[in-house]
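# Architecture and fold: a report
Residue strings, one per chain:
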Amino acid sequence: SAVISQKPSRDICQRGTSLTIQCQVDSQVTMMFWYRQQPGQSLTLIATANQGSEATYESGFVIDKFPISRPNLTFSTLTVSNMSPEDSSIYLCSASWSSGNTIYFGEGSWLTVV
Amino acid sequence: GENVEQHPSTLSVQEGDSAVIKCTYSDSASNYFPWYKQELGKRPQLIIDIRSNVGEKKDQRIAVTLNKTAKHFSLHITETQPEDSAVYFCAASRGAAGNKLTFGGGTRVLVKP
């Protein structure tokens, strides 16, 4: 399986601030996604990160709150903007190498907003 | 959109017994069904997956069955061991239509020694 690295792995953030999470994959991938996992909950897709174009957001998630970049085939960022305690979650980057194939997850970024 | 329901939410089994987790999905176009295991503080790890052209798949102590007509699929773990204790998630996607996974709510499995 591929190596998907995320930074930061963990952070404590002040209410009202923004934080950018980086995701680096060790080889070129077709698809990259960002998921959110709230404490004790399942995984919810935030958006599909599209290389060279705007991300595709799922219902309930908007670009102003979760801007995403994907400048190339191995790297993506997710920004959590104007954070509130409700944004305290694990944010997971995931990737797959061609449509229809296995999706792997990064280690996750554990954010606590105080 | 797709909706995946997973049952039970918690499952306690005696070591050596079998564990079964069941999921139903709503989108008849879904054709890829992976299962992930998530240990405390760790990322979800793929343990087995099945595609719609197959009814059953097995990998050592783990097996998955799929009933496309009824739109449900199940994970079977035999001869459970304490290291099988974790949260298990089922998921569904249309595969070629973008790979977006919709996850079930998760099952917390506890294997008692």
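Look up: the structure comes first, before these words.
This text gives an overview of the structure that appears in the document. Computed from a predicted structure; not experimentally measured.

Cut-offs used in this document
- Residues numbered from 1 in each chain as written.
- Chains lettered and ligands numbered in written order.
- Predicted model: local features only at pLDDT ≥ 70, side-chain atom pairs only at ≥ 80, totals over all residues.
- Heavy atoms only, no water.
- Helix = DSSP H or I, 4+ residues; strand = E, 2+ residues; numbered from the N terminus.
- Rg over C-alpha atoms; globule rule 2.2 N^0.38 Å.
- Buried < 20%, exposed > 50% of the residue type's maximum accessible area, 1.4 Å probe, protein only.
- Contact = heavy atoms within 4.5 Å.
- Areas by Shrake-Rupley, 256 points an atom, 1.4 Å probe, with all protein chains shown as cover.
- Lys, Arg positive; Asp, Glu negative; His and termini not counted.
- Charge placed at Lys NZ, Arg CZ, Asp CG, Glu CD.
- 1 Å grid on protein atoms, 1.4 Å probe; cavity = no way out; pocket = protein on both sides within 12 Å on 5 of 7 lines; lining within 4 Å.
- Points joined across faces, edges and corners; volume = space filled by probe spheres on them.
- Nonpolar A, V, L, I, M, F, W, Y, C, P; charged D, E, K, R; others polar.
- Core = buried A, V, L, I, M, F, W, Y, C linked by side-chain atoms within 4.5 Å.
- Buried area = accessible area lost by both parts, 1.4 Å probe.
- Salt bridge = Lys/Arg side-chain N within 4 Å of Asp/Glu carboxyl O.
- Polar contact = N/O pair within 3.5 Å; in protein donor to acceptor, adjacent residues only side chain to side chain.

## Thoughts on the overall build of chain A
Scanning chain A for helices and strands turns up 0 helices and 11 strands. Starting at the N terminus, the α and β elements of chain A follow one another as β-β-β-β-β-β-β-β-β-β-β. In terms of C-alpha radius of gyration, chain A reaches 13 Å, essentially the compact-globule figure of 13 Å for 114 residues. When each of the 114 residues of chain A is scored for burial, the buried share is 51%. Sequence separation of at least 24 residues holds for 54% of the intrachain contacts in chain A that already meet a minimum separation of 6. Surface accessibility of chain A: about 5100 Å² in total, with carbon and sulfur atoms responsible for 48%. In chain A, 6 positive and 8 negative side-chain charges are present, and the distance between their average locations comes to 5 Å.

## Some thoughts on the overall build of chain B
A count of helices and strands for chain B gives 0 helices and 11 strands. Taken against the 2.2 N^0.38 rule, which gives 13 Å for 113 residues, the C-alpha radius of gyration of chain B at 13 Å falls within 12% of a compact globule. Expressed as lengths along the three principal axes of its C-alpha atoms, the size of chain B is roughly 40 × 30 × 20 Å. Residues counted as buried form 45% of the 113 residues belonging to chain B. When contacts within chain B are restricted to residue pairs at least 6 apart in sequence, long-range pairs at least 24 apart make up 54% of them. About 5600 Å² of surface is accessible on chain B, with carbon and sulfur atoms providing 47% of the total. Taking the average location of the 14 positive side-chain charges in chain B and that of its 12 negative ones, the two points are 6 Å from each other.

## Side note on the layout of surface pockets
Approximately 560 Å³ is the volume attributed to the largest pocket. Lining of the largest pocket is provided by 28 residues; of these, Q37 and G40 of chain A together with Q38, L40 and R108 of chain B occupy positions nearest its centre. Elements represented by at least two residues in the lining of the largest pocket include exactly strand 9 (89–96) and strand 11 (109–113) of chain A together with strand 9 (86–92) and strand 11 (107–112) of chain B. For the lining of the largest pocket, the residue count by class is 8 nonpolar, 16 polar and 4 charged. By volume, the second largest pocket amounts to about 440 Å³. Every residue lining the second largest pocket is counted, 22 residues in all, and those nearest its centre are E58 of chain A together with E2, K100, L101 and T102 of chain B.

## Let's talk about the environment of I68 of chain A
All names here are of chain A. Along the chain, I68 falls in strand 7 (residues 68–72). Each C-alpha atom of the pair I68 and A47 lies 8.3 Å from the other, and the pair is 21 residues apart in sequence. Not counting residues up to four positions away in its chain, the partners in contact with I68 are W34, A47, A49, A55, Y57, S76, T77 and L78.

## Considering the nonpolar core
M32, W34, I46, F66, I68, L78 and Y91 of chain A are the most contacted members of the largest nonpolar core, which totals 25 residues. Contributions of two or more residues to this core are made by strand 3 (19–25), strand 4 (31–37), strand 5 (43–49), strand 8 (75–80), strand 9 and strand 11 of chain A. One finds A19, F33, L75 and A86 of chain B within the second-largest nonpolar core, a separate group that totals 24 residues.

## Quick look at the interface of chain B and chain A
At the interface, 20 residues of chain B touch 23 residues of chain A. The junction of chain B with chain A conceals about 1700 Å² of combined surface from both sides, 52% of it contributed by carbon and sulfur atoms. On the surface where chain B and chain A come into contact, there are 1 salt bridge. Linking E58 of chain A and K100 of chain B is a salt bridge whose minimum nitrogen-to-oxygen distance equals 3.2 Å. At the junction of chain B with chain A, the criterion picks out 6 residue pairs in polar contact (both at pLDDT 80 or more). Residue assignment for the side of chain B that touches chain A shows that the elements contributing at least two residues are strand 4 (32–38) and strand 5 (45–51) of chain B. Residues belonging to the side of chain B that touches chain A are distributed by class as follows: 9 nonpolar, 7 polar and 4 charged.

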